[in-house]
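So the chains spell out like this:
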Amino acid sequence: MSTWKVMGGVNSSPDYVKTVGIGEYPSGRITSTVHQGGIVSIYCTPAISTLFLGGWFADVVGRINGVFVGATLALVGGALQAASQSSDFILVARVLTGLGTGALVGIVPVYVAEVSKADHRGKFLGYVFIANYLGISVAYWLDFGLQFIDNGLSPLRWRFLLGFQCVPAIVLLIGIKLLPDSPRYLVSAGRHSEALEVLQHIRGESAEAVNTEMVEMVESSKGATRTSPASVLTVLLGRSTNELHRHLGRRAWLCIWLQIMASWSGITAVTTYSPILLAQAGYSATTQAGLAGGINTIGIAGTVISANLVDPFGRRKSFMVGSLSLAIINAVTGGLFQASIANPSKATSIAPAAVFMLFLFNLAYASTWGTLAFLIPTEIFPSEMRAQGNAFGITGWAIGVGMTVLINPLLFSTLQNKSYFLFAALNFAWIPIIYFFYPETSGRSLESITHLFDRGFFNNEMEAAFADAMDYSPRDPSEKDSKGGKGTMRHLE
């Protein structure tokens, strides 16, 4: 996912600007913002197609094999990006990178969700995003160091940055085959004995607890049929896999819009274009690169917060608190930048406060939306189509990111710092949407979550449907019953 964020540092390299023909050399000034945004966003288009093909592939041949293919494509794409000789060259390379990225971001979160226990699922996915932000931070700090070579004019500044993406891809290719496949995938494939063996190894619990979870998986897979790439349209139109798993179309649209909302929080503007935003604050090129690295490094702290709070605090509360925080931060940031433009003599004194808000924004986003928007799609689809179902969420991410990184240059050139007020308004708008239409999945098994969609469109209706399928009345899903459990689905009794 960090490939588009790496472009924030690449865009600031004068040699890159010259090579792909988007601006002037040696100043590095961008003269074609549409061309610049197009190069950044183009990899989102193939990512969408690979999401569904890769998701279907992972549902058929397994999560591990799907990740292996995705890592291979990412490796080839990264190497070609580093060797780019022209605009056309890097466009093709980023298409290949998009294919690999689409497969990886569609499958890896699903694998993590499927091997995790219900009360730790959010935490373990949070660990994945700690690694993601670590990769982003490494990219920015590499750019910070590389700009000192030949006063930042060296081709190595951007070629090494793009080529470094190959390192984690190589590590993934070497290590992924050492991991067992998801027990839920194995059950959906009819390989029950293998699934039980894997479950026993990864749980390390009593035989009774493991057998209970295994029974839930088997019961949930009964009557399921394999999907195909063509089933995407039938799902969007609301056709379900079987009577147990209803309203798949509504689940898909919830995932798509969730990621689009996340993209329009302002995160792509803060991350990809942070060097440009810092330049507007009056900082030198060297200070810009250092601060941009710091802004993204703070995301690591945010994912640590998310990993430890998202399960006990709940998904819905985290979303709404995150939206409120991001709205306030955007509004304050816009006001600070506007004040520095209106009073140039005070720009130097205002700049530190504006930069602090950028740091705070990334911290708030990483601790809420940055992880949660990728978690929900891995939880609400049945096992036989979970990887392909997760693709709907990542499609929303690709649409949202592709749209915003393309529009951001035009947005900031037209509205300038008033763009922050637009992001603030959007974040306020997300709060009632989350409250009324999105369910709580925290602490609930992947098999039981499907009952939230038995009937109704609003959250209170979903909770009532879930309660009807369980042994207890509606309550805060983060609360355990007197025996420490989350209830038992009636259809298993």
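It should be noted that the structure appears before, not after, this text.
Residues numbered from 1 in each chain as written. Predicted model: local features only at pLDDT ≥ 70, side-chain atom pairs only at ≥ 80, totals over all residues. Heavy atoms only, no water.

Examining the environment of Asp-119
Stage number 1. Tracing the chain through its elements places Asp-119 in the loop between helix H6 (87-115) and helix H7 (121-146).
Stage number 2. Here Asp-119 falls in the partly exposed class, since its relative accessible area comes to 28%.
Stage number 3. Put simply, Asp-119 and Ser-445 are 326 residues apart on the chain and 8.4 Å apart in space, counted from C-alpha to C-alpha.
Stage number 4. In this structure the side chain of Asp-119 is engaged in a polar contact, spanning 2.9 Å, whose partner is the side chain of His-120. (Helix = DSSP H or I, 4+ residues; strand = E, 2+ residues; numbered from the N terminus. Buried < 20%, exposed > 50% of the residue type's maximum accessible area, 1.4 Å probe, protein only. Polar contact = N/O pair within 3.5 Å; in protein donor to acceptor, adjacent residues only side chain to side chain.)

Digging into helix H20 (residues 386-414)
Given 3.6 residues to a turn, an α-helix orients residues that are three or four positions apart in the same direction.
Stage number 1. Relative to the 42 Å expected for 29 residues at 1.5 Å per residue, H20 spans 41 Å between its end C-alpha atoms, a close match to the ideal helical length.
Stage number 2. One or two positions beyond H20, positive phi appears at Gln-416, with a value near 55°. (Expected span 1.5 Å × (residues − 1).)

Points about the pattern of salt bridges
As a working rule, side chains carrying opposite charge can pair if their charged atoms are close by.
Stage number 1. All chains considered together, the criterion is met by 14 salt bridges.
Stage number 2. Arg-184 is the salt-bridge partner of Glu-447, the closest N and O atoms lying 2.8 Å from each other. In this pair, Glu-447 sits in helix H22 (residues 446-449) while Arg-184 sits in helix H10 (residues 183-188), placing the two residues 263 residues apart along the sequence. Arg-184 shares its class with Glu-447; the two are buried.
Stage number 3. Across the salt bridge formed by Glu-194 and Arg-191, the nearest N and O atoms sit 2.9 Å from each other.
Stage number 4. Taking relative accessible area as the criterion, Glu-194 reaches 35% and is therefore assigned partly exposed. (Salt bridge = Lys/Arg side-chain N within 4 Å of Asp/Glu carboxyl O.)

Considering unusual backbone geometry
Stage number 1. Residue Pro-26 is reached from Tyr-25 by a cis peptide bond, and omega for that bond is 10°.
Stage number 2. Structurally, the position occupied by Pro-26 is in the loop between helix H2 (14-20) and helix H3 (33-41).
Stage number 3. Phi angles above zero are rare outside glycine, and Asp-150 is one such case at about 55°.
Stage number 4. Secondary-structure assignment places Asp-150 in the loop between H7 and helix H8 (156-163).
Stage number 5. Unlike most non-glycine residues, Asn-151 shows phi in positive territory, near 55°.
Stage number 6. Here Asn-151 lies in the loop between H7 and H8.

Thoughts on the environment of Leu-446
Stage number 1. Within the secondary structure layout, Leu-446 lies in helix H22.
Stage number 2. C-alpha of Leu-446 to C-alpha of Pro-382: the two residues are 64 residues apart in sequence and 7.7 Å apart in space.
Stage number 3. Those residues in contact with Leu-446, other than ones at most four positions away along the chain, are Ala-113, Glu-114, Arg-121, Arg-184, Thr-378, Glu-379 and Arg-386. (Contact = heavy atoms within 4.5 Å.)

Considering the environment of Asp-59
Stage number 1. Here Asp-59 shows up in helix H4 (residues 44-61).
Stage number 2. Here Arg-63 takes part through its side chain, which lies 2.6 Å from a polar atom of the side chain of Asp-59.

Let's talk about the packing of aromatic side chains
Stage number 1. Counting across every chain of the model gives 13 aromatic pairs.
Stage number 2. When the centroid spacing of 5.7 Å and the interplanar angle of 85° are considered together, the rings of Trp-141 and Phe-144 count as edge-to-face. Taken together, the positions of Trp-141 and Phe-144, both in helix H7 and three residues apart, correspond to about one turn of that helix.
Stage number 3. Assessed through its relative accessible area of 38%, Trp-141 is described here as partly exposed.
Stage number 4. Among the residues examined, Phe-144 registers a relative accessible area of 24% and is labelled partly exposed.
Stage number 5. Note on Phe-144 and Phe-148: the rings are 5.5 Å apart at their centroids and 85° apart in plane angle, and the pair reads as edge-to-face. (Phe/Tyr/Trp six-rings, centres within 6.5 Å; stacked < 30°, edge-to-face > 60°.)

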